[in-house]
Amino acid sequence: MKYNFNEIEAKWQKYWAENQTFKAENQSDKPKFYVLDMFPYPSGAGLHVGHPLGYIASDIYARYKRHKGFNVLHPMGYDSFGLPAEQYAIQTGQHPALTTEANISRYREQLDQIGFSFDWSREERTSDPSFYKWTQWIFIQLFNSWYDKGAEKSRPVSELVAIFETKGNAELVAACDDDTPGFTAEGWNAMNAEEQEQMLLKYRLTYLADAEVNWCPALGTVLANDEIVNGVSERGGHPVVRKKMTQWSMRISAFAERLLQGLEGLDWPEPLKDIQRNWIGKSVGAQVHFNIKDHEGQISVFTTRPDTIFGVSFMTLAPEHDLVKKITTNEQREAVEAYVAATAKRSERERMADVKNITGVFTGAYALHPFTGEEIPVWIGDYVLAGYGTGAVMAVPCGDQRDHDFARHFGLPIPNIFEGVDTTEEAFADKENTVIANSDFISGMPYKEASAAVIAALEEKGQGEGKINYRLRDAVFSRQRYWGEPFPVYYVNGLPKMIDPEHLPIALPEVEKYLPTETGEPPLGNAAVWAWDTTANTVVDNSLIDHKTVFPLELNTMPGWAGSSWYFNRYMDAGNADAFASQEALAYWKDVDLYIGGSEHATGHLLYSRFWQKFLFDLGHLPVDEYAKKLINQGMILGTSAFVYRLENSNTFVSKNLVGDRAVQAIHADVSMVNASDELDVEAFKLWRPEFADAEFEMEDGKYVVGREVEKMSKSKYNVVNPDDICQEYGADTLRMYEMFLGPLEQAKPWNTAGITGVHNFLKKLWKLYFGKEELIVTDEQPSAESLKSLHKTIKKVEEDIENFSFNTSVSTFMICVNELTAQKCHSRAILEPLAVLMSPYAPHIAEELWHKLGHDTSVAHAAFPVFEEKYLVESTKTYPISFNGKMRFTMELSLDLNKEEIEKVVMADERTQDQLGGRTPKKVIVVPGKIVNIVG
Ligand code: ANZ
């Protein structure tokens, strides 16, 4: 019988869907296991073979855990809000919901073809109102919460109000805006409602604030740092400026310490954890407040080296610093303003990266040294970032490289406070252990002690205090886009009000155009029905806005990371209309046991989701404060690009080995036009693009051979391989095994379709153990010891491999096993039945077919994993060399249980021994059990 994989795979995919084979139950006596993939954004291009790599690995693990008796939750869904669908809408007018729907169906078809064991009954889409209802709900919870730094916990704002009413904020240790003033209970109670509301915004975990953003006027939206290249937008190359805009922000900075500490308990890749640690960027130091000559205010700086305070020779403020306008003298104003305008055009990333161009301007103002009273010139410079620390530094040119460069460039003094350090030197040595000299009361102290002494002295003067700083900043949460979650927010006198959760979801309104409005408002500004009626509790026509009972709704939408920050919890109880998940479901599933996805999400999704988890945990909505115990980053699959060589200034293409030293241009050719022997389908190439229609070819042996190169797999490099084609030609089981066979899961590895036949032939060979020409050839015969050994060493290895996520080595183990069983002519059910189960995580369709053909009528997916037994690996016989006068004449297989006398008896009784002796009686028979037999004489 032929291995008809197309038929087999379609049959079982249908069976699994109809029987809901992989549906997970929320109530079960079995232990739970939650295997999660990062859910995809359904792009128009569909999947290439690189995308399912992680899904195959997680699917193998999920299936393995089912065999091991676990109740496995293995869900899938779509992160379906996003820019591409919106861009397409802008170009074509097609509603992003339609584009998204079409892309999702395509994804689903492709995923189904690969035979994943997803529980589709739990599918979720972040753009579905029944899902984003809860994203909006979480937003409201954040708005209604503040962060208690003393207890390291989020708490309801109602409790904060109670504290303010009785004690003011003097004793409060809470995360809040830097400019929050102190007030007493009387002060609070004297504020009017609006003032109180403004004050509370300084504490809420999501708040409206003027944030410095990268504004791209041409695109009409804010861009993230990594969407800007050389000061222009990556998409379209439009100018980007720094601009202050009122935006929703998330107070993630309040959680910095917990996000840092929490990493210790996570089984995540160390490099990924390091990226998060650096991003959180904890620095221990001090805040120092410098008085300003002839001015009221103070300049506060953050420094990690308070011990260097006697080496300060100037101060530098970020050009955006609030004080700049106030302290700049008239003589310096023009230069300062020009500089500030120029800096606004540069992205923060650029400013940090650019160490060569030293720029800055003197403000004309002077700060006063807290200890010596000396006048210190105040400069502005773009090497100081507005958003870090206080946006100002005390510059110590003998201690800090950037300060040093700045001082040299502008000819500022470079006082030396370190013993034995040559400040004229370009390179800065590590001065951490250098003893400080000639600097008043800390002279001669090691730097740590000196720092502590300076902090104590500053505290006494009221001009500074110890301070821990985190690089992690609050995250801007507003986007000027259409295709995202609407905020459940309306505005009364410019102050935000939350819509009561019982009226959620607030669905995205229809708009005529997906672009910003003519007045520069976000796309939702185009909606005609986008006002909140507080009596009817519904969205109504804008014309009804009276600012008495009907108010305007928020026009921004939420960013891409909103839905992905909590979706994993929704899977535990998808479809629940009363809660984002029931407490019972959450208590049962608790957390993700294995999460597989890309490392590129280190500082985005993987950080934000940990933040929301901790927040919801604090409020008692979740049972644990880290949601993913173990995480694996799958490596990238690289494509093998194909190149054709065009002779310069011609339309003649030269086969690779004929190029020689002629001048040619290498051009990507689509890999689908190239066969496994690197030969180009010349006719297909001509049809590919009009400019190649008249192409001529210099062939070798009648063939056009292409060049090959390994690059990132990408549509733009024409090297993508479509999994649909592979499934069609070889089957999903071959695809799954081959993807694993390519190499260790976490490494990058090139795809090479040529190698796939080896894996395919292996599956055919496996099939032949079970089937003859026409029929099943499995017997009930007792298996041989050899076959048992082959099976059990495979069980052992495959189990160890899966537990260690070493899927590539399992594939070779299976190959060895099948080769051995074939050589042994093994057709015994006692071997082949467990082998089918063992194969099922990797090649589930063929396994299911074999399982049913062996007489079972339930899915192999829930069959118990074969149990390894050591005894089958123990050797029970030995092949003895039988020698005569030291010369080996033949071998005999004998049981290892025989003793010396028994061995001698059996050997002497053998015909071949008698032949060798020719009737003589040997002088001596030497027997070494387990080794040799030598007959002398
Ligand atoms: C004086 C000093 C002397 C400093 C010295 C360093 C060495 P990390 O470790 O990254 O936290 N700094 C503070 N705020 C800044 C800002 N907004 N933009 C650019 N630089 C800023 O670095 C903290 C150090 O970076 C601070 O300590 C400050 O320079 C600078 F020998 O103060 B230091």
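Sequence positions are assigned chain by chain, starting from 1 and proceeding in written order. Under the rules for a predicted model, residues below a pLDDT of 70 receive no local features and side-chain atom pairs below 80 are neither given nor counted, while totals for whole chains, interfaces and linings still include all residues. Note that the side-chain values use all heavy atoms of the structure and ignore hydrogens as well as water.

1. Here's the deal with the site of the ligand
Heads up, the rule is: Here, proximity means that at least one heavy atom of the residue falls within 4 Å of the molecule or strand. We call two N or O atoms a polar contact when they sit within 3.5 Å, provided that within protein one can donate a hydrogen and the other can accept it, with sequence-adjacent residues counted only if both atoms are side-chain atoms. In short, Shrake-Rupley with a 1.4 Å probe defines the accessible areas, and a residue's cover is counted only from the protein chains shown. Residue polarity follows a fixed list, in which Ala, Val, Leu, Ile, Met, Phe, Trp, Tyr, Cys and Pro are nonpolar, Asp, Glu, Lys and Arg are charged, and the others, Gly among them, are polar.
Near the ligand, the surroundings consist of 18 residues, among which Ser283, Thr303, Leu385, Tyr388 and Arg471 are the closest. Between an oxygen atom of the ligand and a side-chain N or O atom of Ser283, the distance comes to 2.4 Å. Separating an oxygen atom of the ligand from a side-chain N or O atom of Arg471 is a distance of 2.3 Å. Contact with the protein chains hides 86% of the accessible area of the ligand, taken as 650 Å² for the molecule alone. Considering only residue class, the shell around the ligand consists of eight nonpolar, six polar and four charged.

2. Some remarks on the sheet that holds strand β21 (residues 538-540)
For the record, the criterion: When DSSP finds at least two bridges between two strands, those strands are taken to pair. Helix and strand labels come from DSSP, where a helix needs a run of H or I of at least four residues and a strand needs a run of E of at least two; each type is numbered from the N terminus. A fitted line through C-alpha atoms serves as each axis, taken over the contacting stretch for helices, and the angle formed by two N-to-C directions is quoted from 0 to 180°.
Pairing within the open sheet is antiparallel, and its three strands lie in the order β21-β20-β22. The open sheet has two free edges, formed respectively by β21 and β22 (550-552), since each of these has just one partner strand. Mean inter-strand twist for the sheet, computed between neighbouring axes without regard to direction, equals 40 degrees. Bridge analysis of strand β20 (residues 531-533) against β21 gives three bridges, and the strand direction is antiparallel. Bridge pairing links Asp533 to Thr538 in β21.

3. Concerning helix α24 (residues 785-803)
Condition: The span you would expect from a helix comes to 1.5 Å times its residue count less one. Here the term buried applies to any residue with accessible area under 20% of the maximum for its type, exposed to any over 50%, and partly exposed to those in between, with areas from a 1.4 Å probe on protein chains only. The contact rule is simple, with two residues in contact once any of their heavy atoms fall within 4.5 Å.
Across its 19 residues, α24 extends 27 Å between first and last C-alpha, which sits within 8% of the 27 Å expected from 1.5 Å per residue. Along α24, the residues that are buried comprise Ser787, Leu788, Ser790, Leu791, His792, Thr794, Ile795, Val798, Glu799, Asp801 and Ile802. Looking at the packing, one finds that the buried side of α24 touches α2 (52-67), α25 (807-823) and α26 (829-839). Downstream of α24 by one or two residues, Phe805 has phi in the positive range, about 55 degrees.

4. With respect to the domain arrangement of the chain
Where interface size is given, it is often the accessible area lost as the parts come together that is meant. What counts, and what does not: Domain start and stop positions are those given by an automatic or database domain assignment.
As assigned here, the chain comprises domain 1 (22-127 + 563-633), domain 2 (282-470), domain 3 (645-712), domain 4 (739-864) and domain 5 (875-936). A C-alpha centroid distance of 67 Å is found between domain 2 and domain 4.

5. Digging into helix α14 (residues 401-410)
Put simply, the test is: The arc in question is traced by the directions running from the helix axis to the C-beta atoms.
Along α14, the positions that sit buried rather than exposed are Asp403, His404, Phe406 and Ala407. Axial view of α14: buried residues confined to an arc of 165 degrees, hence all on one face. Contacts made by the buried residues of α14 are with β12 (314-317), β14 (375-380) and β15 (392-395). A distance of 3.0 Å separates the backbone nitrogen of Arg402 from a side-chain oxygen at the start of α14, and that oxygen is part of Asp400. Once α14 finishes, Gly411 follows within two positions and takes phi at roughly 65 degrees, a positive value.

6. Observations concerning the side chain of Asn576
When you line up the elements, Asn576 lands in the loop between α17 (567-570) and α18 (583-589). Within the structure, Asn576 has its side chain in polar contact with the backbone nitrogen of Ala579 (distance 3.2 Å). Not counting chain neighbours up to four residues away, the residues in contact with Asn576 comprise Trp134, Arg570, Ala581 and Ser582.

7. Things to note about the packing of aromatic side chains
Threshold: Ring geometry is summarised as follows: Phe, Tyr and Trp rings, the Trp one being its six-membered ring, pair when their centres sit within 6.5 Å, and such pairs are stacked at plane angles under 30 degrees, edge-to-face over 60 and tilted between the two. Think of it as a cone above the ring: NZ of Lys or CZ of Arg counts as a charge over the ring if it is within 6 Å of the ring centre and within 35 degrees of the ring normal.
Counting across every chain of the model gives 68 aromatic pairs. The interplanar angle of 45 degrees and the centroid separation of 5.4 Å between the aromatic rings of Tyr383 and Phe406 together place this pair among those described as tilted. Here Phe406 lies in helix α14 and Tyr383 lies in the loop between β14 and β15, a separation of 23 residues in the sequence. Connected via pairs of aromatic rings, a cluster forms that spans Phe33, Tyr61, Tyr64, Phe70, Phe805, Phe807, Phe814, Tyr842 and Phe865. Residue placement shows Arg204 over the ring face of Phe143; its charged tip is 3.9 Å from the ring centre. Seen from the ring of Trp688, Arg689 lies directly overhead, with NZ or CZ sitting 4.4 Å from the centre.

8. A few points about the packing of α2 against α24
Put simply, the rule is: If an angle is under 35 degrees, it is roughly parallel; if it is over 145, roughly antiparallel; if it lies from 65 to 115, roughly perpendicular; otherwise it is oblique. It is the rotation of the near helix from the far one that decides the hand of a crossing: anticlockwise by less than a right angle makes it left-handed, clockwise makes it right-handed.
At their nearest, the axes of α2 and α24 sit 10 Å apart, and the two run at 120 degrees to each other. When the axes of α2 and α24 are compared, the pair comes out oblique. For the pair α2 and α24, the crossing hand works out as left-handed. Contact residues: α2 offers Ile60, Tyr61 and Tyr64, while α24 offers Glu799, Ile802 and Glu803.

9. A word on unusual backbone geometry
Geometrically, the link from Leu504 to Pro505 is a cis peptide bond, its omega value of 0 degrees lying close to zero. When you line up the elements, Pro505 lands in the loop between β19 (495-498) and β20. Even without a glycine there, the phi angle at Asp678 is positive, about 65 degrees. By the element assignment, Asp678 lies in the loop between β27 (664-669) and α20 (682-688). Of note in the backbone geometry, Asn885 takes a positive phi value of approximately 50 degrees without being a glycine. One can find Asn885 in the loop between β31 (877-884) and β32 (887-895).

10. Re the environment of Gly381
If you trace the backbone, Gly381 turns up in the loop between β14 and β15. On the basis of relative accessibility, which here comes to 0%, the residue Gly381 falls in the buried class. Counting along the chain gives 207 residues from Gly381 to Tyr588, while the straight-line C-alpha distance between them is 55 Å. For Gly381, the residues in contact, after removing those within four places along its chain, are Thr316, Leu317, Ala318, Pro319, Tyr339, Thr359, Gly360 and Phe406.

11. Focus on the nonpolar core
Here is the rule: Note on terminology: a nonpolar core comprises buried Ala, Val, Leu, Ile, Met, Phe, Trp, Tyr and Cys residues joined through side-chain atoms within 4.5 Å.
Residues Tyr770 and Leu835 are the most contacted members of the largest nonpolar core, which totals 170 residues. Among the elements that make up this core, the one with the highest residue count is helix α5 (residues 129-143) (nine residues). Shared between two domains, this core holds at least three residues of each, these being domain 1 (22-127 + 563-633) and domain 4 (739-864).

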